[in-house]
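Residues per chain, in single letters:
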Amino acid sequence: MTAHLEVRDGVGTIRLDRPPMNALDVATQDRLRELAEEATRRDDVRAVVLYGGEKVFAAGADIKEMQAMDHPAMVVRSKALQDSFTAVARIPKPVVAAVTGYALGGGCELALCADFRIAADNAKLGQPEILLGLIPGAGGTQRLARLVGPSRAKDLIFTGRHVRAEEALTIGLVDRVAPAAEVYEQAHAWAAALAKGPALALRAAKESIDAGLETDIDTGLTIERNWFAGLFATEDRERGMRSFVEDGPGKAKFL
């Protein structure tokens, strides 16, 4: 398999495994969609880490495979490519990317599908598709612009330049920089802490934020209101409020 799912402490790690550079060929793209759907279904997976291994996250698409595709083939394939990444982005649980080494092209786009990104101090991120006479095709023009703003996204996409970890942190492309040897454990610890939280409330928060960003403020407030009211029907809400009243804030157990 080019990728697999490992579960520990309520955290499912989607691990890319296509050495040496985790190039995202068609088989890997399809496998990512399968694993995202599995992580969504499984009750024992309460948070997710995206990880490519100690040396590299993902250096991009398989260029040799893409070179053999003509326009009709890519018209069909581009939808499947985006669907695979969208399946990751729509996992209704907290998702953190543990980025080591290169996260370029499709690799950067995969990291953009996470809710939170921890980068190794030796990481390099970027969207170099322009150097191939292309543009990002797995969500890069959309997710990157929403994350760092249109001007910074255009800088990275127009030039195809690589961004080192510290600059990525400065512009908001990543949320934390850590020593390379600690990236995965920090990502897993962050996810494991959230895995102990109220699953439905976390889902509601994620979907409210993500869906709200795609629409106007009034529609976003309606999405928030509906989720907020709906959570009053959940056992986690009862447990959380009861614990607050009886024991004080921050002591509720949701598992």
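This one's a predicted model, so the numbers in the text were calculated from it and none came from an experiment.

A closer look at helix α5 (residues 140-148)
Here α5 has its buried residues at G140, L144 and V148. All buried residues of α5 project into a common sector of 20° when viewed along the axis, lining one side. Taken together, the buried residues of α5 touch α4 (106-112), α6 (150-159) and α7 (165-171). Of the residues one or two after α5, G149 is the one with positive phi, at around 95°.

Concerning the sheet that holds strand β8 (residues 162-164)
Sheets are built from strands that pair by backbone hydrogen bonding, the pairs being arranged parallel or antiparallel. Spatially, the three strands line up as an open sheet ordered β5-β7-β8, and their pairing is mixed. With partners counted over all chains shown, the strands left at the sheet margins are β5 (102-104) and β8, one partner each. When strand polarity is set aside, the average angle formed by the axes of neighbouring strands in this sheet is 20°. Of the pairings in the sheet, the one linking β5 to strand β7 (residues 124-126) comprises three bridges and is parallel in character. By the bridge assignment, A103 is partnered in β7 with L125.

Side note on the packing of aromatic side chains
Per the counting criterion, the structure on display carries three aromatic pairs. Taken together, a centroid distance of 4.6 Å and an interplanar angle of 35° make the contact between Y51 and Y184 tilted. Highlighted residues: Y51 in strand β3 (residues 47-51) and Y184 in helix α8 (residues 183-195), separated in sequence by 133 residues. When its relative accessible area of 10% is taken as the criterion, Y51 is described as buried. Ring centres of F228 and F232 lie 5.5 Å apart, and the angle between their planes is 70°; on these two criteria the pair is classed as edge-to-face.

Some details on unusual backbone geometry
Residue P20 is reached from P19 by a cis peptide bond, and omega for that bond is 10°. Structurally, the position occupied by P20 is in the loop between β2 (11-16) and α1 (26-41). With a phi angle near 55°, D9 is a residue other than glycine that sits in the positive phi range. Relative to the helices and strands, D9 resides in the loop between β1 (3-8) and β2.

Rules and cut-offs
- Residues numbered from 1 in each chain as written.
- Predicted model: local features only at pLDDT ≥ 70, side-chain atom pairs only at ≥ 80, totals over all residues.
- Heavy atoms only, no water.
- Buried < 20%, exposed > 50% of the residue type's maximum accessible area, 1.4 Å probe, protein only.
- Helix = DSSP H or I, 4+ residues; strand = E, 2+ residues; numbered from the N terminus.
- Arc of directions from axis to C-beta.
- Contact = heavy atoms within 4.5 Å.
- Pairing = 2+ DSSP bridges.
- Axes fitted to C-alpha atoms, helices over the stretch in contact; angles between N-to-C directions.
- Phe/Tyr/Trp six-rings, centres within 6.5 Å; stacked < 30°, edge-to-face > 60°.

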